[in-house]
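What follows is each chain in one-letter form.
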Amino acid sequence: MFDRKGNEPMGDEDIPPAFVGESDLVRGRLEKLRLWRERGVEPYGLGFSRGDNTAEIKERFASLADGEESGYRASLAGRLMALRRHGKACFADLEDREGKLQLMASLDSLGEEGYTLFQDLDIGDIVGVEGEVFRSRRGELTLRVFSFTLLSKSLRPLPEKWHGLKDVELRYRQRYLDMIVNPQVRENLLVRVKTIQALRRFLDGHGFIEVETPMLQPIPGGATARPFVTYHQALGQNLYLRIAPELYLKRCIVGGLEKVYEINRNFRNEGISYKHNPEFTMLEFYWAYVDYLALMDFLEEMVSAVVGEVKGALSFPYQGRDLDLTPPWRRVTMSRLVSEAVGCEISSGTPERELRAIAAEREVPLEEGWGPGKIATELFEKLVEPNLWEPTLVMDYPREVSPLARAHRNDPFLTERFELIVAGREIANAFSELIDPLDQRERFEEQARQRERGDEEAHVVDYDYLRALEYGMPPAGGLGLGIDRLVMLLTDSHSIREVILFPHLRPES
RNA sequence: GGGCCGUUAGCUCAGUCGGUAGAGCACCGGACUUUUAAUCCGGGUGUCCUGGGUUCGAUUCCCAGACGGCUCACCA
């Protein structure tokens, strides 16, 4: 049934236990695996010395005429993605990381024995090939195969060649398959890699040094979020997966490192959505002796440099709409935006009851303990933020929602903080850092009161951090940028899962 | 966590007003030495997500559950 030589198909008793119950397609391939071994061919190779890759070959012989021979002998390795058998000749597509190249194997080029073996290859098998490059009569650059080696036998059939793998659950659970058959996955990954490389290059080029700070923290700080908890056996102590590196990076500034950054994972124990994954990648940098005004200029410069490098343009479509990241970006205060949205003037002096009335009128639900600053921010997030499409630097967030940011030089109700909003989402968050240890202590104490009132996301007091500030921290600006969300923009992805290789899913049942 | 939708062959999908199901690709057999979604001839390969219920009979109807998507809430 599966064997050209007339052997009996594999009975249940011959199936390795792990494969009982598998489809006939898998059984057929197990049978072939056995046949390769019977013929003295080990179907799982040790390696292959390849001298070329598909992209190089295509570039090098781009001008070869139809039907012309190059005389160049190449060696390639990769996965067979298509087979077109024509009796005594056979065409195949070989895919490596750089792309695809057509193979042509024939009775003439391989001889009877070799050609018989070649015909037993399956789509999905990984092979090494050697042969001469030519361009076929139909104009396809092709490798005429003189010899080949099976490097890895594929036991499972690949998804369909035309429709590919669409089932999103399978795509995420078996991302390796998604990578094999959906080129977009690899392209998105490449954009991500290039973006991170470009960010590092930009920051390194501006005198920043990359540091690594704890992922396991005894006190989770630097953001308002619920942490994951874990336990250190030897110390008998709870540890938390970090929700942000902020407080450690600022300790570095106290320590005199002046310009530091970290690109790494944060973990937040919250819901999962198209824009949230429990672990996500952040860039944070801290820069001594600058304030948030300087950071706005710097962020514009950094993002436009990085996006220009990765995309080749600052203007591109996102989800069917044009997006233009060319600086300068609109700079506007949060209170101005909220005022415009609600149609009356909101300022630091607006009393809480007035803000509550506006919220009620706009059907924005509020909670009991919230003060005017939190309410104003809530109005901003509900009524304004989703509608900010073009890049906007939203300035001067209330002190109440910014426990680590310096008080505003002109308004003690506010802080010197801004967020970059693009396509309705927060991409970056930055501020003039709060370096006054007494002010910081008060902010922590206020957070502790909120915690006591049941706000699990409020900060825990970090006494060592306060002690660090008491030694003296230079004035500094700090910025956090969500890498995943930036990459979502650059890859035109609706879901964060398209830019994270292995997004979190519930276990398979 | 709430609401809505989905789950049928290896993959992409039809379908069954309740009588255990079908198409393309893939796969198997045959023909074919320039194809590229190769073509031609023949072959359907299945726990219709799981567990209960109703029924002579459930993949279909009802209930519960699992997983996924969208969305709301929370957040970045």
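What counts and how
Residues numbered from 1 in each chain as written. Chains lettered and ligands numbered in written order. Predicted model: local features only at pLDDT ≥ 70, side-chain atom pairs only at ≥ 80, totals over all residues. Heavy atoms only, no water. Helix = DSSP H or I, 4+ residues; strand = E, 2+ residues; numbered from the N terminus. Contact = heavy atoms within 4.5 Å. Areas by Shrake-Rupley, 256 points an atom, 1.4 Å probe, with all protein chains shown as cover. Lys, Arg positive; Asp, Glu negative; His and termini not counted. Charge placed at Lys NZ, Arg CZ, Asp CG, Glu CD. Pairing = 2+ DSSP bridges. Axes fitted to C-alpha atoms, helices over the stretch in contact; angles between N-to-C directions. Expected span 1.5 Å × (residues − 1). Buried < 20%, exposed > 50% of the residue type's maximum accessible area, 1.4 Å probe, protein only. Near = heavy atom within 4 Å. Polar contact = N/O pair within 3.5 Å; in protein donor to acceptor, adjacent residues only side chain to side chain. Nonpolar A, V, L, I, M, F, W, Y, C, P; charged D, E, K, R; others polar. Parallel < 35°, antiparallel > 145°, perpendicular 65-115°, else oblique. Left-handed = near helix turned anticlockwise from the far one by under 90°. Core = buried A, V, L, I, M, F, W, Y, C linked by side-chain atoms within 4.5 Å. Phe/Tyr/Trp six-rings, centres within 6.5 Å; stacked < 30°, edge-to-face > 60°. Salt bridge = Lys/Arg side-chain N within 4 Å of Asp/Glu carboxyl O.

Peer 1: Lay out the overall build of chain A with the relevant residues and their values.
Peer 2: Scanning chain A from terminus to terminus reveals 14 helices and 20 strands. Along the first, second and third principal axes, the C-alpha set of chain A runs to 90 × 55 × 50 Å. In chain A, the proportion of contacts linking residues at least 24 apart, taken out of those at least 6 apart, comes to 65%. Carbon and sulfur atoms make up 50% of the accessible area of chain A, which totals about 25,100 Å². Taken together, the 66 basic and 85 acidic charged side chains of chain A have centroids lying 3 Å from each other.

Peer 1: Report on the sheet that holds strand 20 (residues 476–482), specifying residues and quantitative values.
Peer 2: Across the sheet, 8 strands lie side by side as 6-10-11-20-19-18-15-14; this open sheet has mixed pairing. Bordering the open sheet on either side are strand 6 (209–210) and strand 14 (330–333), each of which pairs with just one other strand. As defined by bridge partners, strand 15 (residues 392–395) adjoins strand 18 (residues 417–422) across 4 bridges and the pair is classed as antiparallel. When the sheet's bridge partners are listed, Met-395 is paired in strand 18 with Phe-418. Helix-sheet contacts for helix 6 (residues 183–205) involve strand 6, strand 10 (259–267) and strand 11 (279–288), and the interaxial angle to strand 10 is about 155°. Against the sheet, helix 7 (residues 246–254) contacts strand 10, strand 11, strand 19 (425–432) and strand 20, and its axis sits at roughly 25° relative to strand 11.

Peer 1: Please give an account of helix 1 (residues 24–38) that cites residues and values.
Peer 2: Taking 1.5 Å as the rise per residue, helix 1 with 15 residues should run 21 Å; its terminal C-alpha atoms sit 21 Å apart, in good agreement. Buried within helix 1 we find Val-26, Arg-27, Gly-28, Arg-29, Leu-30, Glu-31, Lys-32, Leu-33, Leu-35 and Trp-36.

Peer 1: An account of the protein's contact with RNA strand B is needed here, citing residue identities and associated values.
Peer 2: Around RNA strand B, the surrounding shell holds 59 residues, and the nearest of these are Arg-138, Lys-161, Glu-169, His-276 and Arg-497. At the protein interface, 63% of the atoms of RNA strand B within 4 Å belong to sugar or phosphate. Within the side chain of Glu-270, one N or O atom sits 2.6 Å away from a sugar or linking oxygen of RNA strand B. Between RNA strand B and Asn-277 there is a distance of 2.6 Å, counted from a base nitrogen to a backbone nitrogen or oxygen. At the level of elements, helix 1, strand 1 (69–85), strand 2 (89–96), strand 3 (99–106), helix 3 (107–119) and helix 4 (168–173) are the ones that each hand at least two residues to the surface near RNA strand B. Among the elements that take part in the surface near RNA strand B, helix 4 stands out by supplying 5 residues, more than any other. Here the residues of the surface near RNA strand B sort into 20 nonpolar, 13 polar and 26 charged.

Peer 1: Can you tell me about the sheet that holds strand 2, naming the residues and giving the values?
Peer 2: Strand order in this closed barrel of 5 strands is 1-2-3-5-4, and the pairing throughout is mixed. Between one strand and the next, the sheet's axes are offset by a mean angle of 55°, whatever the strand orientation. Across 6 bridges, the pairing between strand 1 and strand 2 is antiparallel. From the neighbouring strand, Leu-83 faces strand 2, where its bridge partner is Ala-92.

Peer 1: Quick rundown of the packing of helix 6 against helix 8 (residues 292–311)? Include the residues and the values.
Peer 2: Helix packing for two helices is described by the angle between their axes and how far apart those axes are. For the pair helix 6 and helix 8, interaxial distance at closest approach is 9 Å and the crossing angle is 135°. With respect to each other, helix 6 and helix 8 are oriented oblique. For the element pair helix 6 and helix 8, the recorded crossing hand is right-handed. Residues Val-191, Lys-194, Thr-195, Ala-198, Leu-199, Arg-201, Phe-202 and Leu-203 of helix 6 form the contact with helix 8, whose participating residues are Phe-298, Glu-301, Met-302, Ala-305, Val-306, Glu-309 and Val-310. Of the residues that constitute the contact of helix 6 with helix 8, the class distribution is 10 nonpolar, 1 polar and 4 charged.

Peer 1: Talk me through the pairing of strand 2; I want residue IDs and the actual numbers.
Peer 2: In terms of burial, strand 2 is a largely internal element, 7 of the 8 residues being buried. Here strand 1 folds back onto strand 2 in antiparallel fashion, the turn holding 3 residues, of which Gly-87 has a positive phi close to 75°. Of the strand pairs in this sheet, strand 2 and strand 3 are connected by 8 bridges, and their pairing is antiparallel. For Asp-93, the partnering residue across the bridge sits in strand 3 and is Gln-102. Counting the residues between successive antiparallel strands, the hairpin from strand 2 to strand 3 contains 2 residues.

Peer 1: Lay out unusual backbone geometry with the relevant residues and their values.
Peer 2: Residue Pro-327 is joined to Pro-328 through a cis peptide bond whose omega torsion reads 0°. Positionally, Pro-328 belongs in the loop between strand 13 (321–324) and strand 14. The residue Gln-319 is not glycine, and still its phi comes out positive at about 50°. With respect to the secondary-structure elements, Gln-319 resides in the loop between strand 12 (315–318) and strand 13. Residues other than glycine seldom take positive phi values, yet Asp-396 does so here, at roughly 70°. One can find Asp-396 in the loop between strand 15 and strand 16 (407–408).

Peer 1: Account for the nonpolar core, naming residues and giving values.
Peer 2: Core analysis: the largest hydrophobic core is formed by 49 residues, its most contacted members being Leu-283, Phe-285, Leu-299, Met-302, Phe-418 and Leu-481. When residues of this core are assigned to their parent elements, the largest contribution, 10 residues, is made by helix 8. Discounting residues that sit within four places of it in the chain, Met-302 has contacts with Leu-199, Phe-202, Leu-203, Leu-283, Phe-285 and Leu-481. Of all hydrophobic cores here, the second largest spans 27 residues; its members include Leu-64, Cys-90, Leu-121 and Val-145.

Peer 1: Lay out the packing of aromatic side chains in plain terms, naming residues and giving numbers.
Peer 2: Aromatic ring pairs are described here by two measures, namely the spacing of the ring centres and the angle between the planes. A full pass over the atoms with the stated rule returns 12 aromatic pairs. For the ring pair Phe-202 and Phe-298, a centre distance of 5.4 Å and an interplane angle of 55° mean the geometry is tilted. Taken as a pair, Phe-202 in helix 6 and Phe-298 in helix 8 lie far apart in primary sequence, 96 residues in all. There is no split in this pair, since Phe-202 and Phe-298 are both buried. Ring centres of Phe-208 and Phe-298 lie 5.8 Å apart, and the angle between their planes is 35°; this geometry places the pair in the tilted category. One end of the pair, Phe-208, is in the loop between helix 6 and strand 6; the other, Phe-298, is in helix 8, and 90 residues separate them in sequence.

Peer 1: Explain the pattern of salt bridges residue by residue, including any values.
Peer 2: Following the criterion strictly, the structure yields 44 salt bridges and no others. Where Glu-130 meets Arg-73, a salt bridge forms, and the shortest distance between an N and an O atom there is 3.8 Å. With Glu-130 in strand 4 (residues 126–135) and Arg-73 in strand 1, this residue pair connects regions lying 57 residues apart in the sequence. Take Glu-130: its relative accessible area is 30%, and that puts it in the partly exposed class. Among the ionic pairs, Arg-331 bridges to Glu-300, the shortest N-O distance being 3.3 Å. Taken together, the residues span a long stretch of sequence, with Arg-331 in strand 14 and Glu-300 in helix 8 at a distance of 31 residues.

Worth remembering: the numbers are spatial, not functional.
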